[in-house]
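Now for the letters of each chain:
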Amino acid sequence: MKSAKMKRRRNNMIVHIILAILAAIWVFPIFWVILTSFRAEKGSYVSTFFPRAYTLDNYRKLFTDTTILNFPKMFMNTLIIAVFSCILSTFFVLSVAYCLSRLRFKFRRPYMNMAMVLGLFPGFMSMVAVYFILKAVGLTEGSMIRLALILCYSGGTALSFQIAKGFFDTMPLAIDEAAMIDGCTRWQIFTKITLPLSKPIVIYTVLTSFIAPWVDFIFAKVICRANADQYTVAIGLWKMLEKEYIDNWYTCFAAGAVLVSIPIAFLFLRLQKYYVNGLTGGVKG
Amino acid sequence: MKEKAVRNVDLSDPSLSEVFRNGQSAARLSAPVMGLGCILHKQVIKGLLYLAIEAAYIVFMIRSGLHNLAMLPGLGSVPQEEVWNEELQVYLYTKGDQSILILLYGLGTILITILFFLIWRASLRSAYRAEMLDLSGRHVPSFTEDLKSLLNENLPFTLMTPPMFFITVLTILPLIFMICMAFTNYSKIDNHLVLFDWVGLRNFATLFDSSSVLGSTFWKVLIWTLIWAFFATFTNYFFGMVLAILINRKDTKIKGFWRFCFVLSCAVPMFVSLLIMRTMLQPEGAVNVMLRNVGLIPAGSSLPFFTNATWARISVIVINIWVGVPYTLLQLTGVLQNIPADLYEAADVDGASKVQQFFSITLPYMFYVTTPYLIATFTANVNNFNVIYLLSGGDPVTNLASTAGDTDLLVTWLYKLTIENQYYNIGAVVGILTFVILAVGSLLTYRNSKSYKEEGGF
């Protein structure tokens with residue numbers, strides 16, 4: 001009896017030690033970036049793990065030194081793009097998910113199959129073609145690039161309706177039927193009944209589409225090309241690690257990374273519940 | 001008598017042949033003159049709208065559409081030329097053909113024509129419906145009533161049209177465009193960047209011919225892509241599952257804290273954490289510095305994380321575990337908790353060890369439930385551009401003649417081929433082949449999986 005208890009305690013100890021080591025490995029890079037963002041020495045190559053001196057200059061430089069890499073401008077660009085593409089994609093995703101979940105029409109099955117097939121193509125295989133199309137309609141010059149990026153980020157979102165559809169599927173149909181008997185049109189049911197009842201998924205959709213422009217890097221790079229004044233934060237941070245900038249900008253990169261990560265980390269930690277619900281809902285069925 | 005016959009016709013979804021068989025002259029005349037049937041049967045505004053669409057289409061076709069279509073088979077042949085202008089004393093450039101624009105406009109015209117055909121069919125149906133209702137003495141919906149129905153019975157049409165428009169223009173049209181490029185010689189090779197031609201299946205032949213440089217690169221990249229996707233998917237799956245089990249054990253203390261530690265790393269934007277990892281693993285990066293300070297490797301030397309082919313391949317897989325496990329942890333926790341507890345209780349009674357339970361209860365159950373998830377993850381990993389591009393950039397390049405490095409996946413190779421080398425046609429072929437492999441692969445595994453064969457059986 002006693003040995004069984006001992007064995008359990010020993011196992012428990014081992015598990016906790018393993019977890020502690022793993023947690024350290026997972027937290028280590030994040031910890032390191034935060035340290036680097038406060039480091040006073042310049043350059044990417046350091047001989048010590050902990051900085052020799054701490055400073056806030058990296059954050060200050062990020063917002064004041066706008067001659068080479070204009071971080072405040074990039075920040076504003078990304079913010080504008082994020083706000084508009086968030087409005088458009090939320091509208092697209094929710095309305096498509098609502099139609100596919102609640103209404104029956106001839107195009108329903110073909111649409112879902114089409115979304116599945118399109119999902120198998122490498123996402124940016126068509127990126128070059130998208131660039132040519134946007135160029136043909138004159139959206140790749142000057143401030144029109146912002147519009148082009150907004151369209152890129154929101155245009156295809158209606159193909160990833162699955163999580164929102166899964167949510168709408170779980171709502172009882174009886175509510176819709178009752179409203180229909182009371183004389184509601186389907187539009188009224190959508191805006192006055194379904195949406196207010198699905199706050200979690202609305203919030204989830206708004207936030208995921210708001211985050212997308214902050215973390216996408218490759219689309220922005222192909223569409224902006226050399227137009228440095230239209231860069232988004234992601235390209236800016238990537239630029240800071242290029243050979244010609246890395247010595248001066250490395251610690252600023254860390255500062256920028258921390259600044260971008262804080263709001264996203266906050267949103268993600270608040271939202272992980274919905275994230276998990278949406279995914280497991282999809283797995284179940 | 002006739003009125004009654006008309007009354008019984010089903011008007012909900014008339015086919016075109018029904019329209020021509022049962023329709024009267026007005027409905028039939030709507031074929032050449034769109035909207036005529038509607039105008040003659042109390043739907044004047046709707047009819048005029050149809051007529052305006054037809055007029056606009058005809059004007060478009062005459063002004064540019066027919067020209068666009070005519071250019072499509074040849075893709076243009078007039079090169080840009082310098083001409084000496086005597087009056088101005090400068091060289092002027094004549095406007096040559098640009099094959100890429102000809103292809104784009106041609107495809108655009110085809111799409112517009114398909115759209116027009118759909119509207120034409122809708123106009124015939126609506127003319128037929130109006131005519132039938134009018135002849136049988138029933139109420140023909142007015143324009144305002146039609147508009148109102150857009151928010152009610154026809155709500156799918158209203159809500160799906162804008163997203164569909166953007167999907168067509170920004171996803172479907174570009175895809176068709178790229179697929180077309182696979183059959184041309186649009187490439188920097190032989191300088192076909194301005195004027196190019198259709199070449200049939202020649203690009204596919206080049207890529208499958210393993211004696212050419214491109215061909216041998218293709219097979220090498222394909223094999224590595226499959227190895228990568230397999231390991232990336234299953235290492236994450238197992239580690240995530242084991243971690244979830246460890247955290248959710250009955251005896252584990254401070255569960256929330258452990259979960260927070262792991263989830264924190266997926267709260268950081270992926271491109272940021274990948275760039276951080278890349279800089280940390282450079283020859284003079286934090287990891288090598290630490291190892292030197294601790295004394296595990298001699299001073300001045302460094303581990304070749306991204307400079308040796310085998311090291312680089314293992315590095316990207318291991319870092320992918322770091323990046324991906326928190327997500328898997330989040331996703332699998334819920335599924336694991338759904339495993340019926342009595343299965344474990346019965347196993348405990350029978351004296352099975354925890355490890356035995358894991359292999360004979362947890363794993364089979366998880367495989368059974370998460371097959372669709374695994375397929376989706378495998379697909380995502382084949383197309384996993386970010387991890388490879390931001391970590392190793394496909395490096396190291398051991399064969400200088402080839403365009404791909406040792407860790408390049410099909411997608412990153414595609415990126416290099418199109419953006420960096422401007423071999424647009426070969427890039428398009430690689431994209432198509434990726435799609436074919438994924439489509440066939442996921443279809444076969446899904447068909448053979450238990451969760452498809454016996455739905456809801458466990």
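Residues numbered from 1 in each chain as written. Chains lettered and ligands numbered in written order. Predicted model: local features only at pLDDT ≥ 70, side-chain atom pairs only at ≥ 80, totals over all residues. Heavy atoms only, no water.

1. Thoughts on the overall build of chain A
Counting its regular elements, chain A contains 13 helices and zero strands. Taken against the 2.2 N^0.38 rule, which gives 19 Å for 285 residues, the C-alpha radius of gyration of chain A at 24 Å runs more than 25% over that of a compact globule. Here the C-alpha coordinates of chain A stretch approximately 80 × 70 × 35 Å along the principal axes. The contacts in chain A between residues at least 6 apart in sequence include a share of 70% that link residues at least 24 apart. For chain A, the accessible area works out to roughly 13700 Å², and carbon and sulfur atoms hold 67% of it. Computing the positive centroid from 30 side-chain charges and the negative centroid from 13, chain A places the two 13 Å apart. (Helix = DSSP H or I, 4+ residues; strand = E, 2+ residues; numbered from the N terminus. Rg over C-alpha atoms; globule rule 2.2 N^0.38 Å. Contact = heavy atoms within 4.5 Å. Areas by Shrake-Rupley, 256 points an atom, 1.4 Å probe, with all protein chains shown as cover. Lys, Arg positive; Asp, Glu negative; His and termini not counted. Charge placed at Lys NZ, Arg CZ, Asp CG, Glu CD.)

2. Digging into unusual backbone geometry
Residues and elements named next belong to chain B. One non-glycine residue, K42, lies in positive phi territory at about 70°. For K42, the location among the structural elements is in the loop between α4 (36–40) and α5 (44–71). The backbone of I254 sits at a positive phi, close to 35°, despite the residue not being glycine. Note that I254 resides in the loop between α10 (213–248) and α11 (255–267).

3. Topic: a nonpolar patch on the surface
All names here are of chain A. On the surface, M13, I14, I17, I18, I21 and I25 cluster together into a nonpolar patch covering about 550 Å² of accessible area. Its place among the elements puts I17 in helix α1 (residues 2–37). Residue I17 is classed as partly exposed on the basis of its relative accessible area of 47%. (Patch = residues over 30% accessible without salt bridge, like charges linked within 9 Å, V, L, I, M, F, W, Y side chains within 5 Å. Salt bridge = Lys/Arg side-chain N within 4 Å of Asp/Glu carboxyl O. Buried < 20%, exposed > 50% of the residue type's maximum accessible area, 1.4 Å probe, protein only.)

4. Some words on the domain arrangement of chain A
Residues and elements named next belong to chain A. Annotation of chain A at the domain level lists domain 1 (2–57) and domain 2 (58–284). Placing a centre on the C-alpha atoms of domain 1 and another on those of domain 2 gives a separation of 33 Å. At the interface, 14 residues of domain 1 touch twelve residues of domain 2. Linking domain 1 with domain 2 are one salt bridge. The salt bridge partner of R60 is D57, with a shortest N-O separation of 2.7 Å. Counting across the interface, domain 1 meets domain 2 through nine residue pairs in polar contact (both at pLDDT 80 or more). With five residues, the top contributor of residues to the side of domain 1 that touches domain 2 is α1. A class-by-class count of the residues in the side of domain 1 that touches domain 2 yields five nonpolar, five polar and four charged. (Domains from an automatic or database assignment. Polar contact = N/O pair within 3.5 Å; in protein donor to acceptor, adjacent residues only side chain to side chain. Nonpolar A, V, L, I, M, F, W, Y, C, P; charged D, E, K, R; others polar.)

5. Considerations on the domain arrangement of chain B
In terms of domains, chain B is made up of domain 1 (2–149) and domain 2 (203–453). Here domain 1 of chain B and domain 2 of chain B have C-alpha centroids that lie 49 Å from each other.

6. Quick look at the interface of chain B and chain A
Tallying the contact residues gives 92 residues for chain B and 86 residues for chain A. Taken together, the two surfaces of chain B and chain A that pack against each other cover about 8000 Å², and 81% of this comes from carbon and sulfur. The tally of links from chain B across to chain A stands at zero salt bridges. The tally of links from chain B across to chain A stands at nine residue pairs in polar contact (both at pLDDT 80 or more). Looking at which element gives the most residues to the side of chain B that touches chain A, the answer is helix α8 (residues 155–181) of chain B, with 20 residues. Per-class residue counts for the side of chain B that touches chain A are 68 nonpolar, 16 polar and eight charged. (Buried area = accessible area lost by both parts, 1.4 Å probe.)

7. A few points about the pairing of strand β2 (residues 90–93) of chain B
Pairing of strand β1 (residues 82–85) of chain B with β2(B) involves four bridges; the strand directions are antiparallel. Residue pairing for β2(B): V83(B) is matched across the bridge by L92(B). (Pairing = 2+ DSSP bridges.)

8. Side note on the packing of helix α6 (residues 99–135) of chain B against α8(B)
All names here are of chain B. Running from amino to carboxyl end, α6 crosses α8 at an angle of 125°, the nearest separation of the two axes being 11 Å. Classified by the angle between their axes, α6 and α8 sit oblique to one another. Viewed along their axes, α6 and α8 form a crossing whose handedness is right-handed. Counted together, I100, L103, L104, L107, G108 and L111 of α6 and T168, L173, I176, F177, C180 and M181 of α8 form the full contact between these two elements. Partitioning the contact of α6 with α8 into residue classes produces ten nonpolar, two polar and no charged. (Axes fitted to C-alpha atoms, helices over the stretch in contact; angles between N-to-C directions. Parallel < 35°, antiparallel > 145°, perpendicular 65-115°, else oblique. Left-handed = near helix turned anticlockwise from the far one by under 90°.)

9. A few points about the confidence of the model for chain B
In this model, chain B carries an average pLDDT of 84, and 95% of its residues clear a pLDDT of 70 or more. Taken element by element, the predicted model of chain B shows its lowest mean pLDDT in helix α1 (residues 2–7) of chain B (54) and its highest in α5(B) (92). (pLDDT = per-residue confidence, 0-100.)

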